[in-house]
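Here's the letter readout for the chains.
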Protein chains: 4
Amino acid sequence: MPAANRATRRRNSARTKERILRAGIALFAKHGPSATTIRMLAGRAGVNRRMLYYYFGSKEGLYRAAMRSMYEQNAIVETELSRPGLSAEELLDRFVRALYAFLSAHPEFVRLLTWENLRQGRTVRHVDIGAVMEPVVEALRVALDRGKSEGRFRRDIDEKQLLISCMSLSFFTFANRHTVSRAVGVDLASSDAVERRVKHVVRLLLDGIRVHEDGRRPRRSRS
Amino acid sequence: MPAANRATRRRNSARTKERILRAGIALFAKHGPSATTIRMLAGRAGVNRRMLYYYFGSKEGLYRAAMRSMYEQNAIVETELSRPGLSAEELLDRFVRALYAFLSAHPEFVRLLTWENLRQGRTVRHVDIGAVMEPVVEALRVALDRGKSEGRFRRDIDEKQLLISCMSLSFFTFANRHTVSRAVGVDLASSDAVERRVKHVVRLLLDGIRVHEDGRRPRRSRS
Amino acid sequence: MPAANRATRRRNSARTKERILRAGIALFAKHGPSATTIRMLAGRAGVNRRMLYYYFGSKEGLYRAAMRSMYEQNAIVETELSRPGLSAEELLDRFVRALYAFLSAHPEFVRLLTWENLRQGRTVRHVDIGAVMEPVVEALRVALDRGKSEGRFRRDIDEKQLLISCMSLSFFTFANRHTVSRAVGVDLASSDAVERRVKHVVRLLLDGIRVHEDGRRPRRSRS
Amino acid sequence: MPAANRATRRRNSARTKERILRAGIALFAKHGPSATTIRMLAGRAGVNRRMLYYYFGSKEGLYRAAMRSMYEQNAIVETELSRPGLSAEELLDRFVRALYAFLSAHPEFVRLLTWENLRQGRTVRHVDIGAVMEPVVEALRVALDRGKSEGRFRRDIDEKQLLISCMSLSFFTFANRHTVSRAVGVDLASSDAVERRVKHVVRLLLDGIRVHEDGRRPRRSRS
DNA sequence: GATGAATGAGGGTTCATTCAT
DNA sequence: GATGAATGAACCCTCATTCAT
């Protein structure tokens, strides 16, 4: 029956493509785009090497697809972070914890991004990151706005700068743990360590942006 | 003149080795250890490919040497950061600015470290980072201690956690600027942007660790 | 014509593999496994160097295949050696002559075996020599049994020892002719010399194992 | 003191050369001339690579020297084999045993000779083997002559052919033991196996050349 | 007598990719 | 949709050897 055959084919086709893509994400994350070979990819996907070209044109093509897929399939923060009942502080707390949780659960994400930066974002340029980041940006904005409008967060806090700070403080922990553990003598990988780190970071951020009724103006250092 | 000749040979020998090492640092930083080829290295150093093996045994050997050298030849922060006349806030300010200045001036350092983390610190394991980091740790410790003893910084600030936060907030800016610029729409590379970023970070950190006479106890978020 | 084309491809494929194998046998026999280079092999086979890896995985793989093939493609002695009409002596005579004829006609066989012994049989270990040797063993057994049962050959002749003697007396002639010709002043290569040698050997063997009615027991030397 | 210095030098010089030569014999025997590298030789001898060229000009030069030395430093059979009191049979017995003993004790000799044959005696051509073989030839001649003149050995036994047979039957055992053990299922290496083999060979040879009073003329096989 | 520096050629092997069906 | 055959370029590394001192 040709129809059935065609259907089977289509199903197999989709599965084959999917398998290759998954292999791509896993291996590119692990070894990086240059050290990952076609043979490794085909081997991991369990398909003929030629198929890779059939579906993705080239290694670079697969890499691009893997990159895109990586971004698309992950929701970095949950949308319900901006719940009405919560205080600004609680929202920020949850926001940071969500970042940590996500990065901790998706090491390939961390690695793929790192590789992309090393290649100067050559490929990520063709991926619409904005769409993926939107919920993140939004979640932080809600928290920040709520804090500002309630007079609890400083009005001069720049939203983007704060976002970058949040990403720095979370991403670095996972991306650089090997050199850091050598440099500072603290292994950042254990869940214990992560918990300790999160607490420090949240406190730092909250106190860092909060409005303080010190009486005296906080001194701008230098300048 | 035999003596002169021998001297020439000696000098050439040292120079050859040095040239290879420099090429190693530059190219490993740029393309990573696996994508950097012997041919590229020899070409850049202007020597015969064979010499690389003569002096460093293997590509891995050169990579290791480059790694070590990178760490040793750079003073990340100046020792005079802990000058007596300065306030704790000023010290911390200078400390952060020193980190930014160093990383901005040494992109190879940032990249080499990033490669190393991707290879899970396989090579950095054999390098005594502790010695290099000592002045950094010390500089921060002086600032923090001064602030604590003067009652200006919170006593419960963990020195190591703060150090990691400082490194995160500076390193990330340089290591991940390509994905960030795509994600947030801010290019972190320009000196303008760096200056703006530093200001934000310093303020965040200072306010984040300072003792505030708010009247109310600062709320520990969650837990 | 697709069919024809496919057939051509198939045939070419088999032919390519065959050509490489032949080149392997010839060159490994001539220069030994270590001195034979991939370039030489590909050149002789008239194929791209890469194909060698495609079909045999590695030089060692080809060497192994060549070894195996060498054994399999040759019938060292003809099966009809054990014809009923012939006397035990005639059978042995023919057996020895068959060995000489084979080794004389297949110098690569002699050389490959010699290389293998120098590498301590590392590769031959994976080849089922037993199967190849079976006809040889069988042929000698028939002759020996016939002689024994007719009371013409000594009953205490050990079959395996005799076989090794036959192989020694024939193989050595071809394997060591260069040093022997220097040592004894006789070139063993000429067909004349071979004929003379065979006669001596056959006579030696026959008289060496025959039952003699000397009246006196042949003296066991020593012991 | 210059004189003392010069003497020391000369002594060291001789020792260095000797060490290189020994390394050559050992390594050439083990890996063959082509697979033995300068580095290996220098490493084993414990000298600078350059020294090898100083003393022997090239690898080939060292190989030649090693070859020559190997021949010269060994007495294959003892000169006292031709003692008056012994019977011809006993002499032959001792002769064969001497061959086995020598080859068993000098595996490098066997291997070097084998390698030379594989390179078609290219180097051995320049070595005066005759001188080394003389005692061997002589020992066999004495035994054979004594046997012939006493009417115990056949007069038509050709001395050279017999010599070659003796060498075949002994040499092959050591040179080809790996393939033989695979082919016949007998490991020829154990001292037990050697003893058994020697007995068989001696008996074979003695009976093979002895004059038998069979009544009937021994049949020439074929022709 | 001994050494460190340097070389060009070539070793085996693997790369991403395309061909023809 | 899937495959086996084939390719040229490049990979890291090691070879025997010579240079100048």
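Residues numbered from 1 in each chain as written. Chains lettered and ligands numbered in written order. Predicted model: local features only at pLDDT ≥ 70, side-chain atom pairs only at ≥ 80, totals over all residues.

Q: Summarise the overall build of chain A; cite the residues concerned and give the values.
A: A count of helical and extended segments in chain A gives 10 helices and zero strands. Order of helices (α) and strands (β) in chain A, N terminus to C terminus: α-α-α-α-α-α-α-α-α-α. Among the 223 residues that make up chain A, the fraction classed as buried is 43%. Sequence separation of 24 or more characterises 68% of the internal contacts of chain A that already satisfy a separation of 6 or more. (Helix = DSSP H or I, 4+ residues; strand = E, 2+ residues; numbered from the N terminus. Buried ≥ 20, exposed ≤ 12 C-beta atoms within 10 Å, placed from the backbone. Contact = placed C-beta atoms within 7 Å.)

Q: Any details on the interface of chain D and chain C? Residues and values, ideally.
A: In this complex, chain D contributes 59 residues to the contact, which on the side of chain C involves 58 residues. Contributions of two or more residues to the side of chain D that touches chain C are made by helix H1 (2-35), helix H5 (88-105), helix H6 (107-118), helix H7 (129-149), helix H8 (159-175), helix H9 (177-184) and helix H10 (191-209) of chain D. In terms of residues, the side of chain D that touches chain C owes the most to one element, H8(D), which gives 12 residues. Residue composition of the side of chain D that touches chain C, by class: 25 nonpolar, 18 polar and 16 charged. (Nonpolar A, V, L, I, M, F, W, Y, C, P; charged D, E, K, R; others polar.)

Q: Give a detailed account of the arrangement of the chains, specifying residues and quantitative values.
A: The smallest C-alpha distance separating chain B from chain C is 21 Å, and no contact links them. If you take every C-alpha in chain B and every C-alpha in chain D, the smallest gap between them is 13 Å, and the two do not touch.

Q: If you had to explain the environment of Asp207(B) to someone new, which residues and values would you point to?
A: Take Asp207(B): it is sitting in helix H10 (residues 191-209). Taking the C-alpha atoms as reference points, Asp207(B) and Val184(B), separated by 23 residues in sequence, lie 24 Å from one another.

Q: Please give an account of the domain arrangement of chain A that cites residues and values.
A: Residues and elements named next belong to chain A. Once the domains are mapped, chain A shows domain 1 (2-72) and domain 2 (79-209). Centre-to-centre separation of domain 1 and domain 2, based on C-alpha positions: 31 Å. Across the boundary between the two partners, domain 1 contributes 13 residues, which contact 12 residues of domain 2. Secondary-structure elements contributing two or more residues to the side of domain 1 that touches domain 2 are helix H1 (2-35) and helix H4 (59-72). Counting residues per element, the side of domain 1 that touches domain 2 draws most heavily on H4, at seven residues. The residue inventory of the side of domain 1 that touches domain 2, partitioned by class, reads nine nonpolar, one polar and three charged. (Domains from an automatic or database assignment.)

Q: Pulling in residues and values, what's your account of the relation of the copies chain A and chain B?
A: Laying chain A over chain B is done by rotating through 180 degrees and shifting 0.0 Å along the axis; what remains is an RMSD of 0.2 Å. The two molecules are tied by a two-fold rotation axis, judged by turn and shift. Taking C-alpha positions as reference, the residue of chain A nearest the rotation axis is Gly208(A), located at 1.9 Å. Most of the interface of chain A is mirrored in chain B: 97% of its interface residues are interface residues there too. (Least-squares fit on C-alpha atoms with pLDDT ≥ 70 in both.)

Q: Describe the relation of the copies chain D and chain C, and please don't skip the residues or the numbers.
A: If you rotate chain D by 180 degrees and push it 0.1 Å along the axis, it lands on chain C with an RMSD of 0.2 Å. By residue overlap, the copies meet face to face through one surface: 97% of the interface positions of chain D are interface positions in chain C.

Q: How would you explain the interface of chain A and chain B if you had to name every residue and give the values?
A: In this complex, chain A contributes 58 residues to the contact, which on the side of chain B involves 56 residues. Those elements that place two or more of their residues in the side of chain A that touches chain B are H1, helix H5 (88-105), helix H6 (107-118), helix H7 (129-149), helix H8 (159-175), helix H9 (177-184) and helix H10 (191-209) of chain A. The greatest single-element share of the side of chain A that touches chain B, amounting to 12 residues, is contributed by H8(A).

Q: Which residues make up the environment of Val142(B), and what are the values?
A: Residue and element names in this part refer to chain B. When you line up the elements, Val-142 lands in helix H7 (residues 129-149). Remark: the alpha-carbon pair of Val-142 and Leu-92, spanning 50 residues in sequence, is separated by 9.1 Å. Apart from residues no more than four positions distant in its own chain, Val-142 is found in contact with Ser-82 and Leu-91.

Q: So what about the confidence of the model for chain A? Which residues, and what values?
A: Residue and element names in this part refer to chain A. Scored by pLDDT, chain A comes out at a mean of 88, with 90% of its residues at no less than 70. Averaged pLDDT values over the elements of chain A bottom out at 81 in H1 and peak at 96 in H8. Here residues 215-223 is modelled with pLDDT under 50, and outside its nearest four sequence neighbours on either side it reaches 11 contacts, counting other chains as well. (pLDDT = per-residue confidence, 0-100.)

Q: Any chance you could break down helix H9 (residues 177-184) of chain C for me, citing the residues and the numbers?
A: Here H9(C) lies mainly inside the structure; six of its eight residues are buried. Within the span of H9(C), buried status applies to Arg177(C), His178(C), Thr179(C), Val180(C), Ala183(C) and Val184(C). Those residues of H9(C) that are buried lie in contact with helix H8 (159-175) of chain C together with H6, H7 and H8 of chain D. Of the residues one or two after H9(C), Gly185(C) is the one with positive phi, at around 80 degrees.

Q: Describe H8(A), with residues and values.
A: The end-to-end C-alpha separation of H8(A) is 24 Å, in line with the 24 Å expected for 17 residues at 1.5 Å each. Buried residues dominate H8(A), accounting for 14 of its 17 residues. (Expected span 1.5 Å × (residues − 1).)

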